[in-house]
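Descriptive structure summary
Given next are the chains, with one letter for each unit.
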Amino acid sequence: MLTPILTIATKEIKDNCRNRWVAFIGIILTSLALLITFSGSVVTGELVIPELPLLMASLSSVAVFILPLTAILLSYDSFIGEEESGTLLLLLSYPLSRSQILVGKFIGHLAVISFTIFIGFGATALLVGILTDLALFSLISTFLHLMVSSILLSMCFILVGYAVSLQVIEKAKAIAILLFIWVAVVLVYDLILLTMMVAESTSISNGVLQLLILLNPSDVFRALMLVVAPHSSHVEGLSSLVQWPVLSLYLTLVGWNAMMMMLSLGLFYRKRF
């Protein structure tokens, strides 16, 4: 049962290594993380590493934009691309179930993006630990939360890419639809909700605001990072608006992934070739 899944996963990893996706994503994420960490204070006239709460707020803001976009670029042609080239029909002719094919692709893409996340944020955490006198436990636990939640967020958008890839008839439409989803979910929805959270006078009740957070995985990720990061006077006002415990936010991200996995599997089994 596991052998064909691992074979497909290995094939996806090798493909992404061969077309330089792993190196490209790793360089971009690592460069952005290091630039934010070591150059973010230049606008103030001095070059210093910001406090850990501000650093995590900056890194999570970058992650919430970059990682979903990276995930959909990894997965947008997973099925429609292979259907156009004829390799998907070849795969289906083997004694493989459709769930094995989808799970194998998912594990491969997850391995690629997890590796780049650990490299990018891990290198940043290492340098911050060496160059500052921050408490080691606080530094490690905060960056672990950042990496794990980033992986869960990326998993969700990989599965969104699968769902769209299984519905369209050409790759150009897949990337266009996914970019529209990315703008709507990560940019528009997120900015509207953040505006509501910081507005001094809003007619939306706090309960509705908490529900709106859960309805968007990118906002669940942002809320999670606000909760787990060490608080300071700069971010304490925002973090106090999030009333969900850490475990509930993690379970919500897991729930989003489970829902998108079931949707993708359902679409794959209903698709006719």
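All values derive from a computational prediction rather than experimental measurement.

1. Some words on the overall build of the protein chain
- Broken down by element type, the protein chain carries 12 helices and 0 strands.
- Counting only residues that meet the buried cut, the protein chain has 45% of its 273 residues in that class.
- Accessible surface computed for the protein chain: about 13100 Å², of which carbon and sulfur atoms make up 72%.

2. Observations regarding helix 10 (residues 217-228)
- Here helix 10 contains 12 residues, and its C-alpha end-to-end distance of 16 Å stays within 8% of the 16 Å for a straight helix at 1.5 Å per residue.
- The element helix 10 is largely enclosed, with a buried count of 11 among its 12 residues.

3. Things to note about the nonpolar core
- One finds Leu59, Phe121 and Phe143 to be the most contacted residues of the largest nonpolar core, which totals 73 residues.
- For this core, the leading source of residues is helix 7 (residues 136-165), giving 16 residues.
- With residues near it in sequence (within four places) discarded, Phe143 still touches Leu52, Leu55, Met56, Leu59, Phe121, Thr124 and Ala125.

4. Let's talk about the packing of aromatic side chains
- Counted under the stated rule, the structure contains 2 aromatic pairs.
- Residues Phe79 and Tyr162 carry aromatic rings whose centres are separated by 5.5 Å and whose planes lie at 90° to one another, so their mutual orientation is edge-to-face. Residue Phe79 is located in the loop between helix 3 (52-75) and helix 4 (80-85), and its partner Tyr162 is located in helix 7; the two are separated by 83 residues in the primary sequence.
- Under the relative-accessibility criterion, Phe79 is labelled buried at 0%.
- Exposure remark for Tyr162: the relative accessible area of 0% places this residue in the buried category.
- Here a set of aromatic residues connected by ring pairs shows up, and it is made of Phe79, Tyr162 and Phe268.
- Positioned above the aromatic ring of Phe268 is the side chain of Arg98, whose terminal nitrogen or guanidinium carbon lies 5.4 Å from the ring centre.
- The lysine or arginine in question, Lys105, covers the ring of Phe79, its NZ or CZ lying 5.6 Å from the ring centre.

5. Concerning the packing of helix 7 against helix 12 (residues 246-270)
- Across the interface, helix 7 lies against helix 12 with an axial gap of 8 Å and an inter-helix angle of 20°. When the axis of helix 7 is compared with that of helix 12, the two are roughly parallel. Seen along the crossing, helix 7 lies across helix 12 with a hand that is left-handed. Together, His145, Val148, Ser149, Leu152, Met155, Cys156, Leu159, Val160, Tyr162 and Ala163 of helix 7 and Val246, Tyr250, Leu253, Val254, Trp256, Asn257, Met260, Met261, Leu263, Ser264 and Leu267 of helix 12 make up the contact between the two elements.
- Across the contact of helix 7 with helix 12, the residue classes break down as 17 nonpolar, 4 polar and no charged.

Rules used in this analysis
- Numbering of residues begins from 1 in every chain and follows the order in which that chain's sequence is written.
- At least 70 in pLDDT is required for a residue's local features to be given in this predicted model, at least 80 for side-chain atom pairs to be given and counted, and no such filter applies to totals for whole chains, interfaces and linings, which use all residues.
- Only hydrogens and water are set aside when side-chain values are computed; all heavy atoms of the structure are taken into account.
- Only DSSP runs of H or I reaching four residues or more are called helices, and only runs of E reaching two or more are called strands; each is numbered from the N terminus.
- With a 1.4 Å probe rolled over the protein chains alone, any residue whose accessible area is under 20% of its type maximum counts as buried; one over 50% counts as exposed, and the rest are partly exposed.
- Areas reported as accessible are Shrake-Rupley estimates using a 1.4 Å probe. Residue values count occlusion only from the protein chains shown.
- Every helix has an expected span of 1.5 Å times one less than the residues it contains.
- Residues grouped as a nonpolar core are buried Ala, Val, Leu, Ile, Met, Phe, Trp, Tyr and Cys residues, joined through side-chain atoms within 4.5 Å.
- The contact criterion used is simple: two residues touch if any of their non-hydrogen atoms lie within 4.5 Å.
- Any two rings among Phe, Tyr and Trp, with Trp reduced to its six-membered ring, count as a pair given centres within 6.5 Å; such a pair is stacked if its planes are under 30 degrees apart, edge-to-face if over 60, and tilted if neither.
- The rule is short: NZ of Lys or CZ of Arg within 6 Å of the ring centre and within 35 degrees of the ring normal puts a charge over the ring.
- Angles run from 0 to 180 degrees between N-to-C directions of axes, and those axes are lines fitted to C-alpha atoms, restricted for helices to the stretch in contact.
- Angles below 35 degrees are treated as roughly parallel, those above 145 as roughly antiparallel, those between 65 and 115 as roughly perpendicular, and all remaining angles as oblique.
- Handedness of a helix crossing follows the sense of rotation of the near helix relative to the far helix, less than a right angle counterclockwise being left-handed and clockwise being right-handed.
- Polar here means any residue outside two lists: the nonpolar Ala, Val, Leu, Ile, Met, Phe, Trp, Tyr, Cys and Pro, and the charged Asp, Glu, Lys and Arg; Gly therefore counts as polar.

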